Amino acid sequence: MTPAEALADVEVSTSAREILEDGEIILLVARPSVRLIPAFAAAPLLLLLTAAAAVWAGRVGNLLSAEKTDGMLLALGCVAVLVVAVQVGRWRNRRYILTNRRVLKRTGRLYTSLRQCTLGNLTNVEVILFPPEHLTGLGSVCFQTREGFQPELRWGNLARPEAVAAEVRKAMRHNHG
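Thresholds applied
- Residues numbered from 1 in each chain as written.
- Predicted model: local features only at pLDDT ≥ 70, side-chain atom pairs only at ≥ 80, totals over all residues.
- Heavy atoms only, no water.
- Buried < 20%, exposed > 50% of the residue type's maximum accessible area, 1.4 Å probe, protein only.
- Helix = DSSP H or I, 4+ residues; strand = E, 2+ residues; numbered from the N terminus.
- Pairing = 2+ DSSP bridges.
- Core = buried A, V, L, I, M, F, W, Y, C linked by side-chain atoms within 4.5 Å.
- Contact = heavy atoms within 4.5 Å.
- Axes fitted to C-alpha atoms, helices over the stretch in contact; angles between N-to-C directions.
- Parallel < 35°, antiparallel > 145°, perpendicular 65-115°, else oblique.
- Salt bridge = Lys/Arg side-chain N within 4 Å of Asp/Glu carboxyl O.
- Phe/Tyr/Trp six-rings, centres within 6.5 Å; stacked < 30°, edge-to-face > 60°.
- Expected span 1.5 Å × (residues − 1).
- Bend = angle between axes of the 7 residues up to and from the residue.

Caption draft 1: Structural detail: the pairing of strand S1 (residues 26-30). Counting buried positions along S1 gives four out of five residues, so the element sits mostly inside the fold. As defined by bridge partners, S1 adjoins strand S2 (residues 94-99) across four bridges and the pair is classed as antiparallel. What sits directly across from Ala30, in S2, is Tyr96.

Caption draft 2: Quick peek at the nonpolar core. Core analysis: the largest hydrophobic core is formed by 19 residues, its most contacted members being Leu98, Val103, Leu122, Val141, Phe143, Trp155 and Val168. Contributions of two or more residues to this core are made by S1, S2, strand S5 (122-128), strand S6 (139-145), strand S8 (155-158) and helix H6 (161-176). For this core, the element with the highest residue contribution is H6, accounting for five residues. Discounting chain neighbours no more than four positions away, the residues touching Val141 are Val125, Glu126, Val127, Arg154, Trp155, Leu158, Pro161, Val164 and Ala165.

Caption draft 3: Spotlight on the packing of helix H3 (residues 36-60) against helix H4 (residues 66-92). The N-to-C vectors of H3 and H4 enclose an angle of 180 degrees; their axes lie 9 Å apart at closest approach. One finds that H3 runs roughly antiparallel with respect to H4.

Caption draft 4: Broad picture of the side chain of Glu133. When you line up the elements, Glu133 lands in helix H5 (residues 131-136). Residue class for Glu133 comes out buried when judged on its relative accessible area of 3%. When near neighbours in sequence (up to four residues on either side) are disregarded, Glu133 contacts Ile128, Leu138, Gly139, Ser140, Arg154, Gly156 and Asn157.

Caption draft 5: Representation of the pattern of salt bridges within the structure. A complete count under the given rule lists two salt bridges for this structure. The salt bridge partner of Glu24 is Arg102, with a shortest N-O separation of 2.7 Å. Placement of Glu24 in the loop between helix H2 (16-19) and S1 and of Arg102 in strand S3 (residues 102-107) is noted, with a sequence separation of 78 residues between them. Assigned by exposure class, Glu24 and Arg102 land together as buried.

Caption draft 6: The packing of aromatic side chains, seen in detail. In the structure shown here, the tally under the stated rule is two aromatic pairs. A centroid spacing of 5.4 Å and a plane angle of 10 degrees characterise the contact between Tyr96 and Trp155, whose relative ring orientation is stacked. In this pair, Tyr96 is assigned in strand S2 and Trp155 in strand S8, connecting sequence segments 59 residues apart. Residue Tyr96 shares its accessibility class with Trp155, and that shared class is buried. Ring geometry for Phe143 and Trp155: centres 5.2 Å apart, planes at 75 degrees, overall edge-to-face.

Caption draft 7: A look at H3. Over its 25 residues, H3 extends 36 Å from the first C-alpha to the last, a length consistent with the 36 Å expected when each residue adds 1.5 Å. Of all the bends in H3, the largest measures some 45 degrees and sits at Ala42, one to four residues before the proline Pro44. In the core, the buried residues of H3 are packed alongside H4 and S8. A positive backbone phi angle near 60 degrees is found at Asn62, which sits one or two residues after H3.

By themselves these figures say nothing about function.
Okay, structure coming up:
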């Protein structure tokens, strides 16, 4: 991805002038793995499937009319679609950005949140596999400053967290050197 493409990809509701400073260059743009969607949607969808089975059992047992069953199943289906849509939105609107000066985490579309730290303030970069991520083969890149780990800046659910961490470490060396 060229820097121009990366910038266009980052620029959804925030202009480039708000993200980049003078002379700053984007080195890497990453996003959580698409495996994030089913991983976070699984529990609500399982609950909805259980509810649908209960509704169907009510129909088979003649406790519910066909019209009520159809309406309830339609409502449960709409909620299931909404659950998946929310997870797709969360995935699409999260970007992890590495520049020649900073690491940034950008989330949200309507209410954009931008967390950042200069490379000069970083003391360590670690890859941590949290249990839900480990089950899906994903990992997180965590950042540490002199004040400690910065959980609000964590780059989570990455498919190749070691490669991303290596790029951040390379940028840190270049910035410190």
